[in-house]
Amino acid sequence: MRKFDPWPVFFKREFNRNWLFLVGFAITGTIITKFSLGLTEEDRKNSVFAQRHKQRLAMFQSSLLPCDHSLSTLTFQVMNGRCMLR
């Protein structure tokens, strides 16, 4: 006697419940990919977000201080009173 295989029933039921989510996810991913691939270096230079991120990154890197203590190959740096593993 052949055993009952639940997978086709499961996939059919789940697809009927989730097809709308899958289609929306595909459309959203396509739109995001299309717009992302359309960006140029000029857009990046003019971006307020990219400039703000660049300033914060420079501020973070300048606030790192050399630290005297290290354990074997691990080096620590002190920032705002906390030791950070580097």
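Cut-off values and rules
- Each chain has its residues counted from 1, following the order in which its sequence is written.
- Whole-chain, interface and lining totals are the exception, using all residues; otherwise, since this is a predicted model, local features are given only for residues with pLDDT of at least 70 and side-chain atom pairs are given and counted only at 80 or more.
- Derived side-chain values reflect all non-hydrogen atoms in the structure, with water molecules and hydrogen atoms excluded from consideration.
- In DSSP terms, a helix is any run of H or I states spanning at least four residues, a strand is any run of E spanning at least two, and both are numbered starting from the N terminus.
- Residue contacts are defined here by distance: any two heavy atoms, one from each residue, within 4.5 Å place the two residues in contact.
- Areas reported as accessible are Shrake-Rupley estimates using a 1.4 Å probe. Residue values count occlusion only from the protein chains shown.
- Working definition: a ring pair exists when centres of Phe, Tyr or Trp rings (six-membered ring for Trp) sit within 6.5 Å. Plane angles under 30 degrees give stacked, over 60 give edge-to-face, the rest tilted.
- A side-chain nitrogen of Lys or Arg and a carboxyl oxygen of Asp or Glu constitute a salt bridge if their distance falls within 4 Å.
- Note on exposure labels: buried denotes an accessible area under 20% of the residue type's maximum, exposed denotes more than 50%, and partly exposed covers the range between, all computed with a 1.4 Å probe on protein chains only.
- What pLDDT expresses is the predictor's confidence in each residue, scored from 0 to 100.
- The span you would expect from a helix comes to 1.5 Å times its residue count less one.
- Note on bend: at a given residue it equals the angle between the axes fitted to the 7 residues ending there and to the 7 starting there.
- To count toward a patch, a residue needs a relative accessible area above 30% and no salt bridge. Like charges then connect within 9 Å, nonpolar side chains (Val, Leu, Ile, Met, Phe, Trp, Tyr) within 5 Å.

Visitor: Can you lay out the overall build of the protein for me, pointing to particular residues and giving the numbers?
Guide: Helix and strand counts for the protein stand at three helices and three strands. Shown N-terminal to C-terminal, the secondary structure of the protein runs as helices and strands in the order α-α-α-β-β-β. For the protein, the share of sequence-separated contacts (at least 6 apart) that also reach a separation of at least 24 residues comes to 3%. About 8500 Å² of surface is accessible on the protein, with carbon and sulfur atoms providing 65% of the total.

Visitor: Let's hear about the packing of aromatic side chains: which residues, and what values?
Guide: Evaluated as defined, the whole model comprises four aromatic pairs. Three or more aromatic residues joined by ring pairs form one cluster here, namely W7, F10 and F11.

Visitor: Account for the pattern of salt bridges, with residues named and values stated.
Guide: Taken as a whole, this structure holds three salt bridges when the rule is applied. A salt bridge links E14 to R13; the nearest nitrogen and oxygen atoms lie 3.9 Å apart. Classification of R13 as partly exposed rests on a relative accessible area of 45%. Close ionic contact of R17 with E14 constitutes a salt bridge, the shortest N to O distance being 2.8 Å. Of this pair, R17 and E14 both sit in helix α1 (residues 7–37), three residues apart, which is roughly one turn of the helix. Residue class for R17 comes out exposed when judged on its relative accessible area of 59%.

Visitor: Break down the confidence of the model for the protein for me, citing the residues and quoting the values.
Guide: Across the protein, the average pLDDT comes to 77, with 71% of residues at or above 70. Here residues 68–76 scores under 50 on pLDDT; set against residues more than four positions off or in separate chains, the count is 14 contacts.

Visitor: Please set out α1 residue by residue, giving values where relevant.
Guide: For α1, spanning 31 residues, the distance from its first C-alpha to its last is only 38 Å, which falls clearly below the expected 45 Å at 1.5 Å a residue. By the largest-angle criterion, N18 marks the main kink of α1, which is about 60°.

Visitor: Could you give an account of a nonpolar patch on the surface, with specific residues and numbers?
Guide: A grouping of F15, W19, L20, F21, L22, V23, F25, I27, I31 and F35 is seen on the molecular surface, where their side chains present a nonpolar patch of about 1100 Å² in accessible area. With respect to the helices and strands, the residue V23 is situated in helix α1.

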